[in-house]
Amino acid sequence: GAGMFGMFRVHDLNQSFLSGPFQQTGLIAQVQSSMTQVRSLEKDMVILYEQPQRVEATHAQWQSSIDGVRAAANDLAKVAVPEDGVVVQKLLTHLTQYQELFAPVAKQLIAGGYDSATVAQRVSARAVEQFVQAEQQLNALQQMLQAHAQAAQLRGSQVESQTQWLFILALVITTVVV
């Protein structure tokens, strides 16, 4: 009975870890990868400012990457605990502001409206500030997830210890009865 009780508790802990911090880690990795791609494509658009056709193709990829960030972040919000969900919403808010601020810059890049990449980079500074804020929210989310994982590890250690004591108690009771 003590063994079964311990196994069920360990099984429950494993399931909660797999559906919680472990799943969130994968989703955070997707968000981070997509955000890295967004930033890279933004820089490519600025670098390619003299080639409007390539800027336009890169802009479509950039938009797709932003959609990827949103999709992964929304999936993350569905499995996150409420305080993590608040951070995900802040991340999405900053991402939306970044997109809104960079959209006119992208249009000008496609139209060839900048004299140099330096000018385009300077004009996009406000948008980049919002992206940096989104990255900070992602970092905060990673730290919160790390704390959740450590708490799960502590709960696992406690269950292991309790199960061992239960076995010892069962052994003592059996020895006394015999």
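Heads up: these notes are all about the structure in this document. (Residues numbered from 1 in each chain as written. Predicted model: local features only at pLDDT ≥ 70, side-chain atom pairs only at ≥ 80, totals over all residues. Heavy atoms only, no water.)

What follows deals with the nonpolar core. In terms of nonpolar packing, the biggest core is built from 35 residues, with Val31, Met35, Trp62, Tyr98, Phe102 and Leu109 touching the most fellow members. Within the residue set of this core, elements represented by two or more residues are helix H1 (2-47), helix H2 (52-79), helix H3 (82-111) and helix H5 (125-177). Broken down by element, the residue count for this core peaks at 10 residues, all from H3. (Core = buried A, V, L, I, M, F, W, Y, C linked by side-chain atoms within 4.5 Å. Buried < 20%, exposed > 50% of the residue type's maximum accessible area, 1.4 Å probe, protein only. Helix = DSSP H or I, 4+ residues; strand = E, 2+ residues; numbered from the N terminus.)

In this structure the tally under the stated criterion is 4 aromatic pairs. In this structure an aromatic cluster arises from ring pairing among Trp62, Tyr98, Phe102 and Phe131. (Phe/Tyr/Trp six-rings, centres within 6.5 Å; stacked < 30°, edge-to-face > 60°.)

Oppositely charged side chains may form a pair once their charged atoms are brought near each other. In total, this model carries 2 salt bridges according to the counting rule given. The partner of Arg39 in a salt bridge is Glu42, with the nearest N and O atoms 2.6 Å apart. Of this pair, Arg39 and Glu42 are both found in helix H1, 3 residues apart, which corresponds to roughly one turn of the helix. The buried category is assigned to Arg39, whose relative accessible area is 18%. (Salt bridge = Lys/Arg side-chain N within 4 Å of Asp/Glu carboxyl O.)

On to the packing of H3 against H5, then. Here H3 crosses H5 at 165 degrees, and the two axes come no closer than 8 Å. Viewed along their axes, H3 and H5 adopt a mutual orientation that is roughly antiparallel. The element H3 and its partner H5 pack so that their crossing is left-handed. Class assignment of the residues belonging to the contact of H3 with H5 gives a composition of 15 nonpolar, 6 polar and 4 charged. (Axes fitted to C-alpha atoms, helices over the stretch in contact; angles between N-to-C directions. Parallel < 35°, antiparallel > 145°, perpendicular 65-115°, else oblique. Left-handed = near helix turned anticlockwise from the far one by under 90°. Nonpolar A, V, L, I, M, F, W, Y, C, P; charged D, E, K, R; others polar.)

Attention now moves to the side chain of Ser34. Along the chain, the position of Ser34 falls in helix H1. Filtering out sequence-adjacent residues up to four positions away, Ser34 remains in contact with Ser65, Gly68 and Val69. (Contact = heavy atoms within 4.5 Å.)

A few words on the environment of Ala80. Locating Ala80 in the fold gives a position in the loop between H2 and H3. A relative accessible area of 17% places Ala80 in the buried class. For Ala80 and Ala170, which are 90 residues apart along the polypeptide, the C-alpha to C-alpha distance reads 39 Å. Ala80 has contacts with Gln24 and Gly85, leaving out every residue within four places of it along the chain.

The next subject is the environment of Ala170. You can see Ala170 is positioned in helix H5. Note: C-alpha distance between Ala170 and Ser65 (105 residues apart in sequence) is 57 Å.

Here we come to the side chain of Asp84. In this fold, Asp84 is placed in helix H3. The charged side chain of Asp84 is buried without a salt bridge, its nearest counter-charge being Arg155 at 11 Å. Dropping the residues within four chain positions of it, Asp84 is found in contact with Gln24, Leu141, Met144 and His148. (Lys, Arg positive; Asp, Glu negative; His and termini not counted.)

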